[in-house]
Amino acid sequence: MKIKLNEVPEEGQNYDYNRNTAELNEVLTDLIQNNEYSVHMFIKPLNTKDFTVTGNLSTKRREQCSRCAEEFDQKIKKNLNEILIPHQEQDRTGKYSKSHVMMGDSTDEVSVTEYNKQQFDVGEFVHEAIALEIPFVAYCDSCQKTESTDAFIYDEKMGEDKKPNPFQALKGLKLN
Ligand SMILES: [Zn+2]
């Protein structure tokens, strides 16, 4: 499933995909099997070659709880906030400056995706977006609560004068 970016109108266009419209069914099978999914995107040209993609996606997948081994449906929801830029060859320094795509004073996290040949590969993009949301370790709702409590006790033990390890802090955030 690819969108021809040169056909996106100047005022932007909505794109919606789900199991009924079926465009992404096959490419997402390995991640979410036959579960429902909903992808909403609004694509708008920023200039002659860069595009913004905003929207959201939601789906679920069958997981086995790492603690109690119960099977449960893991919900996946994600906001999309992406800039599409044409594929760039690296310059002599091996670095390509992406600063020109920064969005004003927006504090939202914006990611950058490169496209090839005027085409945005929606299947690959959505597959990647969902794959990134899948936790390494899955806990069902009741085990999730237990894990959160454990994490809290651990933080308390670290003491107030010690800065928490940023990775531990991130882990704590994920669990909430
Ligand atoms: Zn469990």
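Residues numbered from 1 in each chain as written. Predicted model: local features only at pLDDT ≥ 70, side-chain atom pairs only at ≥ 80, totals over all residues.

Visitor: So what's going on with the packing of helix α1 (residues 25–32) against helix α2 (residues 122–133)? Residues and values would help.
Guide: Contact geometry for α1 and α2: axes closest at 9 Å, N-to-C directions at 15 degrees. Classified by the angle between their axes, α1 and α2 sit roughly parallel to one another. As for how α1 packs across α2, the hand of that crossing is right-handed. Contact with α1, carried on its side by Val-27, Leu-28, Leu-31 and Ile-32, involves Gly-123, Val-126, His-127, Ile-130 and Ala-131 of α2 and no other residues of that element. (Axes fitted to C-alpha atoms, helices over the stretch in contact; angles between N-to-C directions. Helix = DSSP H or I, 4+ residues; strand = E, 2+ residues; numbered from the N terminus. Parallel < 35°, antiparallel > 145°, perpendicular 65-115°, else oblique. Left-handed = near helix turned anticlockwise from the far one by under 90°. Contact = placed C-beta atoms within 7 Å.)

Visitor: Describe the nonpolar core, with residues and values.
Guide: Core analysis: the largest hydrophobic core is formed by 19 residues, its most contacted members being Leu-28, Val-39, Val-126 and Ile-130. Of all elements in the fold, only α1, β3 (37–45), β4 (51–64), β5 (71–86) and α2 reach the threshold of two or more residues within this core. Leaving out residues up to four positions away in the same chain, Ile-130 has contacts with Leu-28, Leu-31, Ile-32, Leu-57, Thr-59 and Ile-76. (Core = buried A, V, L, I, M, F, W, Y, C linked by C-beta atoms within 7 Å. Buried ≥ 20, exposed ≤ 12 C-beta atoms within 10 Å, placed from the backbone.)

Visitor: Now, about unusual backbone geometry: what can you tell me, with residues and values included?
Guide: In this structure, Ala-22 takes a positive phi of about 75 degrees despite not being glycine. Relative to the assigned elements, Ala-22 resides in the loop between β2 (13–18) and α1. Of note, the phi angle at Ala-69 is positive, near 70 degrees, even though the residue is not glycine. Considering the arrangement of structural elements, one finds Ala-69 in the loop between β4 and β5.

Visitor: For the environment of Phe-120, give the residues involved together with the corresponding values.
Guide: The topology assignment puts Phe-120 in strand β7 (residues 119–121). Sequence separation of Phe-120 and Leu-5 is 115 residues, and the distance between their C-alpha atoms is 6.6 Å. For Phe-120, the contacting residues outside a window of four places in its chain are Lys-2, Ile-3, Leu-5, Leu-84, Tyr-115 and Phe-125.

Visitor: Tell me what's going on with α2, and back it up with residues and numbers.
Guide: Helix length check: α2 (12 residues) gives 17 Å between terminal C-alpha atoms against 16 Å at 1.5 Å per residue, within 8%. Taken together, the buried positions of α2 are Val-122, Phe-125, Val-126 and Ile-130. Around the axis of α2, the buried residues are gathered within 125 degrees of arc, so they sit on the same side. In α2, the exposed residues that point more than 90 degrees away from the buried face are Ala-131 and Leu-132. (Expected span 1.5 Å × (residues − 1). Arc of directions from axis to C-beta.)

Visitor: Any chance you could break down the pairing of β5 for me, citing the residues and the numbers?
Guide: One ladder, built from 14 bridges, connects β4 with β5; its direction is antiparallel. Looking at the pairing, Val-53 lines up with Glu-82 of β5. Remark: 6 residues form the turn of the hairpin made by β4 and β5, two consecutive strands paired antiparallel; Ala-69 in that turn has positive phi of roughly 70 degrees. (Pairing = 2+ DSSP bridges.)

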